[in-house]
Amino acid sequence: LITSLRRLKTLKLHCSQCALISSSSQTLGTSLGSEIDQTECIIRMNDAPITGYEEDIGNRTTLRVVAHSSISQFLKRRKEFLQRGQETIFIFWGPYSRMRRDGKSNVFRIIKQEIAIGANMSVFTVSPKRMKQFDDLFQMETGQDRKQSHSWLSTGWFTMVIAVGICDSLHVYGMIPYNHCRKPHHKNLPYHYYNTKSNDECATYLTHEHARMGNHHRFITEKHVFARWAEHYNITFSHPSW
């Protein structure tokens with residue numbers, strides 16, 4: 001269901017302990033790098049870089065989950081990811097129209113030509129069947145049909161679902177809870193730790209959550225689900241703590 005780019009094989013990965021590193025600026029100044037690096041498996045998202053941020057977010061990556069919409073940004077940091085790629089499994093996800101393997105998908109072609117070919121990297125893509133399961137899970141957990149609610153699932157959603165499936169215990173660093181932006185004294189921080197000019201994190205969350213025109217991520221709704229999962233699975237949230 002998550003299949004290799006080179007061979008028809010599915011991803012088989014199991015970790016006793018995992019660290020999932022948010023791309024949020026909440027991670028900055030935490031000096032958590034050494035703690036994170038001691039974790040068996042370390043999971044990161046999209047084009048979030050490591051170089052220059054090692055003291056706060058660590059130096060290793062076991063698994064990186066990348067959205068089809070982040071391919072261009074990923075390619076800009078390709079040199080860094082290729083240098084570190086020998087130890088990393090990459091999972092690319094997106095709708096069938098963008099990820100089909102018959103040559104009619106520009107995103108899949110870019111992944112194959114620009115990332116996988118010529119480098120000894122473990123590259124996987126999420127199958128259409130598995131993509132539907134992510135949608136079905138969203139509807140089961142929220143009561144909302146993703147398409148009818150004009151929603152796009154976030155990379156955080158995909159990454160959390162994948163992590164719960166492969167990790168016996170999961171420590172999530174830097175992900176804010178669903179009620180964070182309602183707190184009167186919350187810090188206004190950039191959405192991404194590696195882009196100080198990115199929009200304010202809470203402004204981004206609230207804009208997406210309440211927008212009804214077009215398609216948007218439902219970040220706050222997703223965090224409600226994650227909070228419930230933490231009661232049933234071995235999930236810990238810190239910096240901030242939930």
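Criteria and thresholds
- Residues numbered from 1 in each chain as written.
- Predicted model: local features only at pLDDT ≥ 70, side-chain atom pairs only at ≥ 80, totals over all residues.
- Heavy atoms only, no water.
- Helix = DSSP H or I, 4+ residues; strand = E, 2+ residues; numbered from the N terminus.
- Buried < 20%, exposed > 50% of the residue type's maximum accessible area, 1.4 Å probe, protein only.
- Contact = heavy atoms within 4.5 Å.
- Areas by Shrake-Rupley, 256 points an atom, 1.4 Å probe, with all protein chains shown as cover.
- Lys, Arg positive; Asp, Glu negative; His and termini not counted.
- Charge placed at Lys NZ, Arg CZ, Asp CG, Glu CD.
- Pairing = 2+ DSSP bridges.
- Axes fitted to C-alpha atoms, helices over the stretch in contact; angles between N-to-C directions.

Engineer: Give me the overall build of the protein chain: which residues, what numbers.
Structural biologist: The helix and strand tally for the protein chain stands at 10 helices and 12 strands. Considering only C-alpha atoms, the protein chain reaches an extent of 50 × 45 × 35 Å along its principal axes. When the 242 residues of the protein chain are sorted by exposure, 51% land in the buried category. For the protein chain, contacts bridging at least 24 residues in sequence account for 66% of all contacts bridging at least 6. Working note: accessible area of the protein chain is about 12000 Å², and carbon and sulfur atoms make up 49% of it. Treating the 31 positive side-chain charges of the protein chain as one cloud and the 21 negative ones as another, the clouds have centres 9 Å apart.

Engineer: Which residues make up the sheet that holds strand β2 (residues 15-21), and what values do they have?
Structural biologist: A sheet is described by the order of its strands in space; here eight strands give the open sequence β1-β6-β5-β4-β3-β2-β8-β12, paired in mixed fashion. Two strands in the sheet have a free side with no partner beyond their single neighbour: β1 (2-4) and β12 (235-238). Strand-to-strand twist across the sheet, computed as the mean angle between neighbouring axes with direction ignored, equals 25°. As judged from the four bridges shared by strand β5 (residues 89-93) and strand β6 (residues 122-126), these two strands associate in the parallel manner. When the bridges of β6 are listed, I91 appears paired with F124. On top of the sheet, helix α7 (residues 128-142) reaches β1, β5 and β6; it is set at about 60° to β6, its chief contact.

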